[in-house]
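# Chains, contacts and geometry: an overview
The chain contents come next:
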Amino acid sequence: MLIDLHCHLLPGLDDGPEDLQTSLKMARLAVSNGITHIICTPHIHPGRYENSTAIIRQACIALASELARNRIKLRLGFAAEVRFGSELMLGVKDGSIPFLGEWKGRKTMLLELPHGDVPFGAARMTQWLLKQGITPVIAHPERNKGIMQQPTRLRPFLQQGCLLQITAASVAGQFGEPARRLAHHLLRERVVSVMASDAHNLKHRPPHLKHGLEIASQILGERDAKHLVLDTPWLISQGQFV
């Protein structure tokens, strides 16, 4: 049993699979890799991917029906990978942003920083979210160029109580040496809460967790590594699978 808390599996909503058949092939690939539960997290990125709770819910229900029809044993929930920006404040207020689940009595949001840097005032935004009862789960910080150059830029978020989600493929070296090195550093520092696939397609970014889990096990030990892909993701997302 493996739980993938960050996966672009829903067809036609973002830069993930373009059509249903690709989604089904990705689902089969996920199952063959030992993944049993996926939270589908299409981008919400104003001006680029105009998704919402209603759109994502409908797409998830439709895909779950197709999985059942094709006898693919994979359980789905839904949330979103929310791009950092002032617009997310309105999305929180009007309910158009879906959450991953809950962590210690708070809702959890998968929050994506821009890839090139950590925006000025980002910690003020995460503090605002925390005041709304929402714990940010920062997506793939190991692939952020600003954090690669200066890993201490994560410190304010960790001190606030934000969670970190790293990518299994980064741990395995598939996003380059700087991302691999930082992912391993964060694992050794034991500040990572979740490891996910961030899958987008079949070839270059498939829904794989096992290879990353094997390497994480070498760093953390098997039991602690399993927390990243089973125990903690389940605690966050279990309400979606009831």
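Before reading further, recall that the structure is shown in the block above.
The structure displayed is predicted, hence computed values, not measured ones.

Reading guide: rules and limits
Residues numbered from 1 in each chain as written. Predicted model: local features only at pLDDT ≥ 70, side-chain atom pairs only at ≥ 80, totals over all residues. Heavy atoms only, no water. Helix = DSSP H or I, 4+ residues; strand = E, 2+ residues; numbered from the N terminus. Rg over C-alpha atoms; globule rule 2.2 N^0.38 Å. Buried < 20%, exposed > 50% of the residue type's maximum accessible area, 1.4 Å probe, protein only. Contact = heavy atoms within 4.5 Å. Areas by Shrake-Rupley, 256 points an atom, 1.4 Å probe, with all protein chains shown as cover. Axes fitted to C-alpha atoms, helices over the stretch in contact; angles between N-to-C directions. Parallel < 35°, antiparallel > 145°, perpendicular 65-115°, else oblique. Nonpolar A, V, L, I, M, F, W, Y, C, P; charged D, E, K, R; others polar. Pairing = 2+ DSSP bridges. Lys, Arg positive; Asp, Glu negative; His and termini not counted. Salt bridge = Lys/Arg side-chain N within 4 Å of Asp/Glu carboxyl O.

As a further point, take the overall build of the protein chain. Along its length, the protein chain carries 10 helices and 10 strands. The C-alpha radius of gyration of the protein chain comes to 16 Å, within 12% of the 18 Å expected for a compact globule of 242 residues. For the protein chain, with 242 residues in total, the buried portion stands at 55%. Partitioning the intrachain contacts of the protein chain with sequence separation of at least 6 by distance along the chain shows that 76% fall at a separation of at least 24. Just so you have it, the protein chain exposes about 11,100 Å², and 50% of that area is on carbon and sulfur atoms.

Axes are the key here: two packed helices are described by the angle between their axes and the distance separating the axes. In contact at an axis separation of 11 Å, helix H3 (residues 87-94) and helix H4 (residues 122-131) are set at 10 degrees when each is read in the N-to-C sense. One way to sum up the angle between H3 and H4 is to call them roughly parallel. Between H3 and H4, the contacting residues are Leu88, Met89, Val92 and Lys93 on the first element and Met125, Trp128 and Leu129 on the second. For the contact of H3 with H4, the per-class residue count stands at six nonpolar, no polar and one charged.

To summarise the sheet geometry, strands pair through backbone hydrogen bonds and adopt either a parallel or an antiparallel arrangement. Taken in spatial order, the three strands line up as S1-S2-S4 in an open sheet, and their pairing is parallel. Where the open sheet ends on each side, the last strands, each with one partner, are strand S1 (2-7) and strand S4 (75-78). Sheet twist, expressed as the average angle between the axes of neighbouring strands with direction ignored, equals 20 degrees. The pairing of S1 with strand S2 (residues 35-40) spans four bridges and is classified as parallel. Residue pairing across strands places Ile3 opposite His37, the latter belonging to S2. Sheet contacts for helix H10 (residues 222-237): S1 and S2; angle to S1, the most-contacted strand, approximately 75 degrees.

Its place among the elements puts Asp4 in strand S1. Buried charged residue Asp4 carries no salt bridge. Nearest counter-charge: Arg143, at 10 Å. If near-sequence neighbours (up to four positions away) are discounted, Asp4 is found in contact with Ile35, His37, Ile38, Ile39, Ala196, Ser197, Asp198 and Leu209.

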